[in-house]
Amino acid sequence: MDRFKIEGGRRLEGTVKISGAKNAALPAMAAALLTSEPVRLENIPHVRDIITMAKLLAHMRCRVESPDIPPSAFVLQAETVSHAEAPYELVKTMRASVLTLGPLVARFGYARVSLPGGCAIGARPIDLHIQALEKLGAQISVEHGYVEAKAKRLRGTTFRFPKITVTGTENILTAAVLAEGETVLENAALEPEVTDLAELLIKMGAKIEGAGTSTIRVQGVERLHGATHTVIPDRIEAGTFLIAGAITGGELLLTHCEPQHIGAIIDKLKECGVDIRCEGKSALRVRAAKKLVAADVTTEEYPGFATDMQAQFMALATQAQGVSHIRETIFENRYLHASEMMRMGAHITIDGNLAVVTGPTPLSGAPVTASDLRASAGLVLAALVADNTTWIDRVYHIDRGYERIEEKLCAVGARIERVSEST
Ligand code: EPZ
């Protein structure tokens, strides 16, 4: 298992190229199951979850170019699928495997997908994915830890999500495109990754209106065809690097990003005193605050402040003057990074879903453990300002969703070394 050795206290300066969005690439890859023709995807980040999805599709006998090391553009072709199954071994390492459920049952009339189970940030059930598929006419049984879905052909319906769910919306959208008749999804997720998926599906011949709003209308078609699609930039990676610039007293230019997707993050950082400016359509310049001040944050569905930026914001709050109240409303257990930051000297109290951070506190390097993807990013940011050396264990979490983060940070002046167990 790899660890990061981080020497803190260095000001970051330079240019960082933002990668494609993992959470847009994953549903796009699953959508390739909807057609026998080739789907070419571009701007795919080279991260562990993408490799897992590629392996899953290869397991289903979908043709995947270099499934072990996908390059940033690759072609998927699901001419035939002989195993319409997502096995436990793959689903347990990546919950997003569940995104294959909708496309498989829609095109092949059968899918068997392992139930993902809980994870470090909460219980994360998929009951709403199942309810919506049942409403589309699928017969579903949950047995032996697997969801089995069968349908001759799905039938269009109206389904109102009782709670907004991102992968739930994506899963049902990719099922509805091949259903008979019209499907209306109400209280759908507005996340840019949903809109990006809809754009790919439309290129494949789907009839979709309203993606990016809370009501999505789909006119089912008999079949879809191949397409080429470039996935959107990763808004969470961009937000993480904005904080990296701000927390280290530095100045970074982020290129290949989509500023419109991170309005809530930019607004919050500005409230803290950070100077952020757009340079053209797809670049952002961040300059550290003269004085970083505390701010309150509540995580919300898009376009609100993303839960996937909460840990990184907490790292920043430890360096801000005053008291920041952070309220996590999406996942029930997403504060595991807080106790690790406290071990580095942060003043944080947790009461239910409220974290109160009092700053600024000097952080001191310590051995810490990453518990999930974004928690790891929060710890890396804290380590960048801590004195001496911080060792972060279990960085495989960060490898799931950040492309070469240590290389990108080192290129702008950070001192991070990846240390393998064997070295
Ligand atoms: C997506 O997860 C993202 N994953 C997550 O990113 C992100 O944190 C999350 O959306 C929220 O923005 C991908 O896109 C692959 P949800 P998802 O369904 O879709 C509850 C990262 O670090 N819920 O929108 O699984 C659920 O428990 C990851 O990149 C149900 O109760 O999240 C949660 O409380 C982590 N029943 C809330 O809804 C359901 O059937 C929102 O979850 C589905 C969800």
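Scroll up a little and you will see the structure.
This one's a predicted model, so the numbers in the text were calculated from it and none came from an experiment. (Residues numbered from 1 in each chain as written. Predicted model: local features only at pLDDT ≥ 70, side-chain atom pairs only at ≥ 80, totals over all residues. Heavy atoms only, no water.)

Participant: Hey, could you go over the overall build of the protein chain for me, with residue numbers and the actual values?
Facilitator: Helix and strand counts for the protein chain come out as 14 helices and 24 strands. For the protein chain, whose C-alpha radius of gyration is 21 Å, the value lies close to the compact-globule estimate of 22 Å for 423 residues. Residue burial in the protein chain is summarised as follows: out of 423 residues, 57% are buried. Approximately 16600 Å² of the protein chain is accessible, and the part contributed by carbon and sulfur atoms is 47%. Separation between the mean location of the 46 positive side-chain charges and that of the 50 negative ones in the protein chain comes to 1 Å. (Helix = DSSP H or I, 4+ residues; strand = E, 2+ residues; numbered from the N terminus. Rg over C-alpha atoms; globule rule 2.2 N^0.38 Å. Buried < 20%, exposed > 50% of the residue type's maximum accessible area, 1.4 Å probe, protein only. Areas by Shrake-Rupley, 256 points an atom, 1.4 Å probe, with all protein chains shown as cover. Lys, Arg positive; Asp, Glu negative; His and termini not counted. Charge placed at Lys NZ, Arg CZ, Asp CG, Glu CD.)

Participant: So what's going on with the side chain of glutamate 193? Which residues, and what values?
Facilitator: Examined against the element boundaries, glutamate 193 turns out to sit in helix α7 (residues 192-203). Of the residues examined, glutamate 193 reaches a relative accessible area of 5% and is grouped as buried. In terms of polar contacts, glutamate 193 uses its side chain to reach the side chain of arginine 235, at 2.8 Å. Here glutamate 193 is in contact with Asn23, Ala24, Glu170, Ile232 and Arg235, once residues within four sequence places are set aside. (Polar contact = N/O pair within 3.5 Å; in protein donor to acceptor, adjacent residues only side chain to side chain. Contact = heavy atoms within 4.5 Å.)

Participant: Residue-level account of the side chain of arginine 374, with values.
Facilitator: Residue placement: arginine 374 occurs in helix α12 (residues 373-385). No salt bridge is formed by the buried arginine 374; the nearest opposite charge belongs to aspartate 308, separated by 4.2 Å. Looking at arginine 374, its side chain comes within polar contact range of the side chain of tyrosine 402, at 3.3 Å. (Salt bridge = Lys/Arg side-chain N within 4 Å of Asp/Glu carboxyl O.)

Participant: Lay out the pairing of strand β1 (residues 3-7) in plain terms, naming residues and giving numbers.
Facilitator: Note on strand geometry: in a regular strand, side chains alternate between the two faces of the sheet. Along β1, the buried face is formed by Phe4 and Ile6; none of Arg3, Lys5 and Glu7, which line the opposite face, is buried. As paired strands, β1 and strand β24 (residues 415-419) are joined by five bridges and run antiparallel to one another. By the bridge assignment for β24, glutamate 7 is matched with arginine 415. Pairing geometry for β1 and strand β23 (residues 389-393), over four bridges, is antiparallel. Opposite phenylalanine 4, over in β23, you have isoleucine 392 as the bridge partner. (Pairing = 2+ DSSP bridges.)

Participant: Residues and numbers for the site of the ligand, please.
Facilitator: Close to the ligand lie 21 residues; Asp127, Thr165, Thr167, Asp308 and Ile330 are nearest. Arginine 124 is positioned with one of its side-chain polar atoms (N or O) 2.9 Å from an oxygen atom of the ligand. Aspartate 308 has a polar side-chain atom sitting 2.6 Å from an oxygen atom of the ligand. In isolation the ligand offers 840 Å² of accessible surface; the protein chains occlude 89% of this area. Secondary structure elements with two or more residues in the shell around the ligand: α1 (22-31), α5 (127-135), α6 (166-176) and α12. (Near = heavy atom within 4 Å.)

Participant: How would you explain the environment of threonine 358 if you had to name every residue and give the values?
Facilitator: In this fold, threonine 358 is placed in strand β21 (residues 354-359). In this structure threonine 358 comes out as partly exposed when scored by relative accessible area, which is 35%. With residues near it in sequence (within four places) discarded, threonine 358 still touches Gly322, Val323 and His347.

Participant: Describe the environment of isoleucine 140, with residues and values.
Facilitator: Positionally, isoleucine 140 belongs in strand β8 (residues 139-143). The spatial distance from the C-alpha of isoleucine 140 to the C-alpha of lysine 281 is 45 Å, given a sequence separation of 141 residues. If we skip the residues at most four places from it in the chain, isoleucine 140 touches Ile130, Leu133, Glu134, Val147, Glu148 and Ala149.

Participant: Can you tell me about the pattern of salt bridges, naming the residues and giving the values?
Facilitator: Per the counting criterion, the structure on display carries 26 salt bridges. Salt-bridge contacts for glutamate 85 lead to arginine 112; the nearest nitrogen and oxygen are separated by 3.1 Å. Taken as a pair, glutamate 85 in strand β6 (residues 85-86) and arginine 112 in strand β7 (residues 110-114) lie far apart in primary sequence, 27 residues in all. Residue glutamate 85 is classed as partly exposed on the basis of its relative accessible area of 23%. By relative accessible area, arginine 112 is classed as partly exposed at 22%. Between aspartate 275 and arginine 287 there is a salt bridge, and its shortest N-O distance comes to 3.5 Å. With aspartate 275 in strand β16 (residues 275-278) and arginine 287 in strand β17 (residues 284-287), the pair connects residues that are 12 residues apart, well separated along the chain. Classification of arginine 287 by relative accessible area gives partly exposed; the value is 30%. Among the charged side chains, a network of salt bridges with common partners joins Glu251, Asp275, Arg277, Glu279, Arg285 and Arg287.

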